[in-house]
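If you want the building blocks of each chain, they are given just below.
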Amino acid sequence: MSSISAVARIAYLASDVLVNSQPPRPSSSTFTTTFEAVSWHNVHKPTLISLPSGADAGSVLLRHRNASLISYTTAAHSQVLNRLLPHLSELSALPLVLHIAVEDDLSDAFTLRSTLPFVLYSRTAEQAHDHALLASRLARDEKKAVLHLFNAASEDALREVDADKVQPFLLTDRKSRSQNGYTNGANGVNKTDGAIGVNGDSAETESSTQSALYKAYETAALTTVAFLRRPIRTYTRYGPFDTPTVILTVGSAHFDFEVEGVSFIELSLLNPIVPQQILNAIPPSATRVIVLEQLSRWQTKWTPIYLDVLSIVQNSEGDVRPIVQSGVYGDVNSVQVVDILKLLQQAASSSLSTRLHLGYDADASGVISSPAHVPKHEFAYLKLLNQLFGEHLEIANSPDLVQTQGELATSPEFALGRIRGELDARAQLLSAVQDLLRDEKVSPELHTLLTQWVHDKDDAAKSQQLSDQIVQLLEGGESARPAGQRVYQLRSHLPARSRWIIGSDAWSYDLGASGLHHAIASKLNVNILILDTTPYTARNASDPNRRKQDVGLYAMNHGDVYVASVAVYSSYSQVLQALAEADKFNGPSVVVAYLPYKSEDAPALDVLKETKMAVDAGYWPLYRWNPSKEQEGKEPFILDSDAIKNDLQRFLDRQSHLSQLVRSQPQLATELVSNLGDTLKQARKQKAQQSYAELLTAIDAPPLLVLYASDGGKAEKVAKRLATRGKLRGLSTNVSSMDSISLDDLQKEEFVAFVTSVAGQGEFPQNGRTLWKALSAAAARGERPLNYVRFSVFGMGDSHYWPRPEDAHYYNKAGKDLNARLEKLGAQRVVELGLGDDQDADGPETGYKLWEPQLWKVLGVDAVELHEAEPEPITNEHIKVASQYLRGTIVEGLEDQSTGALAPSDTQLTKFHGIYQQDDRDIRDERQAQGVEPAFSFMIRVRMPGGVCSPKQWLQMDQIADEHGCGTFKITTRQTFQFHGVIKRHLKTAIQDINRALLDTLAACGDVNRNVTVSAIPSLSKLHAQVYKFAGDVSTHLLPRTTAYHEIWLDKKLVAGEALKDVEPLYGEFYLPRKFKIAVAVPPHNDVDLFANDLGFIAIVDEKGQLAGFNVTAGGGMGVTHGNKKTYPRLGDVLGFCTVEQGKMIAEKIMLVQRDNGNRADRKNARLKYTIDRMGLENFKAEVEKLLGYKLQPARPFTFDRNVDDFGWTTGEDGKHHFTCFIENGRIQDESGKHFKTCLREIAKIHKGSFRMTTNQHLVITDIPTENLEEIKQLLVEYKLDNLSQTGLRLSSSACVAFPTCGLAMAESERYLPILIDKVEKICEKNGLRNDSIVMRMTGCPNGCARPYIAEVAFVGKALGTYSMLLGGGYYGQRLNKIYRDTVSEPEILAILEPMIKHYALERLDGEHFGDFVIRAGYIAPTTSGAAWWDRAGGEGIHREATA
Ligand code: SF4
């Protein structure tokens, strides 16, 4: 057992109040694990308080002075222990044990020693255990503090006391020597080893205080010894006895070897040090005593125990006294005999005042040599400060100062003192400047500069410039006069500075007494940035009884302080704004910044998710409070996030002028969050009551409750169908999701059928998790609340989803777990668990057909004959036809303020209008836990054939993203813009704004022809113009004709009489069976991945370079369902050649054949690719030609050579310039060091050409006239958007959006691929492939939005952190890849790629691409057609066996 666990256990069991300080990051407290473990098994539970590192533990301890025993645990660190110093004298009179774990340096802990009455040191874990008990007893009996220092590194076997005996031990009577029956010096007292044995011991004591303390110690020790039945020693001696040299060690040193002439003494009782004990320990033969203390950073000349020992020896009686020398040591692990001999030599040859060193070479008298550690996440804010204020930034408590000023330099008090000094100096400078200005002899040039300086002294840039000029003049002779000399002396204060103090949330404990309070109350012009790192999900774990104070509110209450609450992972621009405003504010500014992370190696993605949850839930509202605005007659408070904390709400309500603001802006109020939650809960309750009442009245038939848990909707459909069939059989049936019912209500049910699918790696689907947790908690408590419930479970899963044998238990895990858990809770299983497997002949229906009849039998309705037909389930086809040409109830839904969502059927229809309803997946669980609906928002996709927009349109898109979306926007794989995070009340305005920009969103999604994509080809301007026009014509020709879009979004009126006159000549009422995609490619560029589209046009150019027509392709498509072999990706086939004029009608006819032949019964089998395979290519072509009335010409030759973009500058035939920028995964945003959104906005303001998106999600700034070239180049350089030094791998990569917005995402994609590439590109670089292009793509699910199935290497999300890995796609999109491994996580990906990439680097043929190589080298088989995609998956030959 480790000493830390032993001490933590005793501290927990012994105390009433237990305070634990976290060590500074990156370490984490090792005590807490034991506290948690002990708390499980014991009745005794102290008040447990966990403090962040640097919090003022002393004041917390003092607040519990009335407890009978307080224990404090921490690791020895100056930042923690120094905060105890001011309180020590008060603490020493409390029943308190300070347990301090020491690594290999007692320097910090020894600063406490002199003030505390009792100090013990434990070297071994057993000693630590025993001393912990002794210390607790002593502190409790004497009502005095005991400092217990112990070796944090020790670990050994020990016999612990029983937990239930600790409290009684603390209350037993004291054992005194007389009670024990022994007196001083008699009866076997072992005076030579310092032991207080069960047989008693004593030592002579001298000074009265020391004597009284020692007696108290001795009494407690005797009581402990009697209890433990093993000795406790004040010192331990080892080695030969009568030696001339004694080494007395303090600390963890223990030498397992003998050194001739040397004996060793380990001291355990460090206060009180009783002379007789020391004198007893030193043998009479000793002529030299070396006091060796474990101090690496002791800063005064004499070490503490040495002084005590020296004084004892010098005051001892006797003629010959040994000489006493002081020595220090640090880590002694490697100390050998030879080192001790060297120490002895040092001792013999040095003067008595020289400090000796053992195993430690550093200068122990020096100050710390390494700067304080700054956790890596915190650089996010430091970078921002640097970025904003550059060389004018001054961090008054920068960790760099530690090297020269000691650790105190990082404290707020120190920093404030420093700033105060600087501001005073600046005030003196101002006065000196004014004196100089009054001097008539000052030169006019200097006079002008000084006057300007007085005016601009607070402007960073101007004051710096003036400073340089003024200093130059002063150095040139103008400083002769006294005022001039003063100015020159103070010249370093001429430039304005942005002064910041950076602190942690530890400062928010005991605000009133903190340095922070002084900074706020000082009214000085100082900026304070406080980083709060408590993760949202861990917010309740820290001190449950005492919330830390809200620094923001505290500062706001002072009235004249600028206050902002920010979170860099939520709103980057808001942080920038707040920091800039804080700097400008003339007075104290406090910016509280959220940066939640549990450990330093926490991935940035976790920080992001924690931030989002905190901001969304109102735990961390974003706001700015600027009192200077009030003087300008403006509103001082700006709320930057929707939800608002209760405390903040109360603060606002207190301010009368602000409460009006809250009323005038209803979105400020909490109703968005809490009221809605209440409403939902109420509605659920009502629904439950109503259902229950219905059950009671339906007395003729047994009631059946069907509960489902379903993510994708499959289990929900099965459950609803089951309920319908139950009703038809005369049962009183109800159906709802598992989470709609509480455990309390479930126990009242008589008969419950559960239907559940499975999510990720065996987890419950989202809408079943709350009930599942409640069931699990009840089972953990050993309860059996479901004694009256009869149940059966039907689980749905895919036995091939996790093909590795070790993962087999994930198959249908949710259903199996539920089945077992219900039984454990007392419910009676009436039908055995049914399992539906996607792999069965009839899918899950195979298992279902066996299960359902058994259910009817148990309910006694199996013989009921059904007369009514079962109602057909509602499908997308029903929704489309009933929608009145895409109207549905969208208008009504937009007006409904009670929810942020639209009706489910309308969400299918809005896709046709370019809108997807989504919810923030990162915070879905948290919102459910709060009882509120998911954070719904909408994604809007623009229709922009060919992906071209003007600079003016770009600026409008940029503004729309800021005003209506999440502040960023995305270039998509279909060459257009996509906005995320648009909430319902912004939806209509956003669409109107897009239309105002002469763009629209009609048919950007849905079962219609989507955005037509076109090769970006910047170098071929004329050809691009032709194909771009062609794409526009095709897109317009295939647009739906319904006026619903204009009516709903643009407020255009219905035709007269409100009668619907819509017709859809191409689509009809049912529209297409599935989406339809068209691309136009210009060889040799296949950047549009033409073969992945339902319909493709390959431009064919004649001898004169003119567009002659197109080769037509059909039947491409990407979407797959994991494990479902009826689904597959497919590449389009070339059908023939057509002229430009024929193209439009060919597009129409191909679409019509698909409209009439596509599979409308099964959306998974509805795309054109399946229609063609079902009809046969020749039949399909014949059908198209029949509609056309002519045959297509034979296809003409063409060659593609790449599908990646050509980055950088090109000049077109017309002399205009084009620049292709690398925008990683198409996200247009500002982030630290990459202000691409701002850059492109600035370019759009001056650009005279246009912007062209690429389907690889990058951007071409096109048609730049030569006269604008320099200006645009400068902007690209300034914002680093000209940087194309990325690796070939990164430039060829692409990811879909996935989390947090895509509702179908199973794994991360856009947020994760760049992180994975960081690692894979290192492998490439190591193998000399830095600039080699390897097409790597990732999607969050198998729908394939980023076209992963034609990448050379691809990853398709299966569950969080888990992907299918695919290999062997063609470099220019000509060949599908294939599944290489079904399930890989990051370590496996890297382990696979490392040797494979090396192999490629060593053995590739000249010009051979990675996708071709992996096939030639036998890693994977080539995919010859879409239908054969599943064949020979999982690697080939030796490579399959190697990983089998
Ligand atoms: S591939 Fe899947 S996860 Fe990615 S955006 Fe498309 S649907 Fe969403």
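Residues numbered from 1 in each chain as written. Predicted model: local features only at pLDDT ≥ 70, side-chain atom pairs only at ≥ 80, totals over all residues. Heavy atoms only, no water.

A.B. asks: Talk me through the site of the ligand; I want residue IDs and the actual numbers.
C.D. replies: Taken together, Cys-1296, Ala-1298, Cys-1302, Leu-1304, Ala-1305, Thr-1339, Gly-1340, Cys-1341, Asn-1343, Gly-1344 and Cys-1345 make up the full set of residues near the ligand. Considered class by class, the residues forming the shell around the ligand number seven nonpolar, four polar and no charged. (Near = heavy atom within 4 Å. Nonpolar A, V, L, I, M, F, W, Y, C, P; charged D, E, K, R; others polar.)

A.B. asks: Requested: an account of the nonpolar core, with residues and values cited.
C.D. replies: Judged by nonpolar contacts, the single largest core of 97 residues is most densely connected at Trp-954, Phe-979, Trp-1049, Phe-1097, Ile-1150, Phe-1180 and Phe-1251. For this core, the element with the highest residue contribution is helix α41 (residues 1140–1157), accounting for six residues. Sequence-distant contacts of Phe-1097, defined by excluding residues within four places in its chain, comprise Phe-1030, Ile-1078, Ala-1079, Val-1080, Ala-1081, Leu-1090, Phe-1110, Asn-1111, Val-1112, Cys-1138, Gly-1143 and Ala-1147. Formed by 57 residues, the second largest nonpolar core is a distinct cluster that contains Ala-57, Leu-112, Val-250 and Val-289. (Core = buried A, V, L, I, M, F, W, Y, C linked by side-chain atoms within 4.5 Å. Buried < 20%, exposed > 50% of the residue type's maximum accessible area, 1.4 Å probe, protein only. Helix = DSSP H or I, 4+ residues; strand = E, 2+ residues; numbered from the N terminus. Contact = heavy atoms within 4.5 Å.)

A.B. asks: How would you explain the sheet that holds strand β50 (residues 1378–1384) if you had to name every residue and give the values?
C.D. replies: Overall, mixed pairing links the five strands, which are arranged β46-β47-β48-β49-β50 in an open sheet. In this open sheet, the two strands that pair with only one neighbour each are β46 (1293–1295) and β50. With strand direction ignored, the average angle separating the axes of adjacent strands in the sheet is 15 degrees. The strands that helix α48 (residues 1386–1403) touches are β47 (1336–1339), β48 (1353–1359), β49 (1362–1367) and β50; relative to β50, the one it contacts most, it runs at about 135 degrees. (Pairing = 2+ DSSP bridges. Axes fitted to C-alpha atoms, helices over the stretch in contact; angles between N-to-C directions.)

A.B. asks: Which residues make up the sheet that holds strand β13 (residues 288–293), and what are the values?
C.D. replies: In space, the six strands of this open sheet follow the order β9-β11-β10-β13-β14-β15, with mixed pairing throughout. This sheet does not close on itself; its edge strands, each paired only once, are β9 (235–238) and β15 (356–358). Ignoring which end each strand starts from, the neighbouring axes of this sheet average 25 degrees apart. As judged from the four bridges shared by β9 and strand β11 (residues 262–267), these two strands associate in the antiparallel manner. Counterpart to Thr-236 in the pairing with β11 is Glu-266. Its contacts with the sheet put helix α13 (residues 337–349) on β10 (245–250), β11, β13, β14 (323–329) and β15, and the angle it makes with β15 is roughly 175 degrees.

A.B. asks: Go over the pairing of strand β1 (residues 17–21), please, and point to the residues and values.
C.D. replies: Taken residue by residue, a regular strand's side chains alternate between the two faces of the sheet. For β1, the tally of buried residues reaches five of five residues, placing the bulk of the element in the interior. Burial of β1 is two-sided: the residues Val-17, Val-19 and Ser-21 facing one way and the residues Leu-18 and Asn-20 facing the other way are all buried. With five bridges connecting them, β1 and strand β2 (residues 47–51) associate as parallel partners. Across the sheet, Asn-20 pairs through a bridge with Ser-50, a residue of β2. The pairing of β1 with strand β3 (residues 70–75) spans four bridges and is parallel. Residue pairing for β3: Val-19 is matched across the bridge by Tyr-72.

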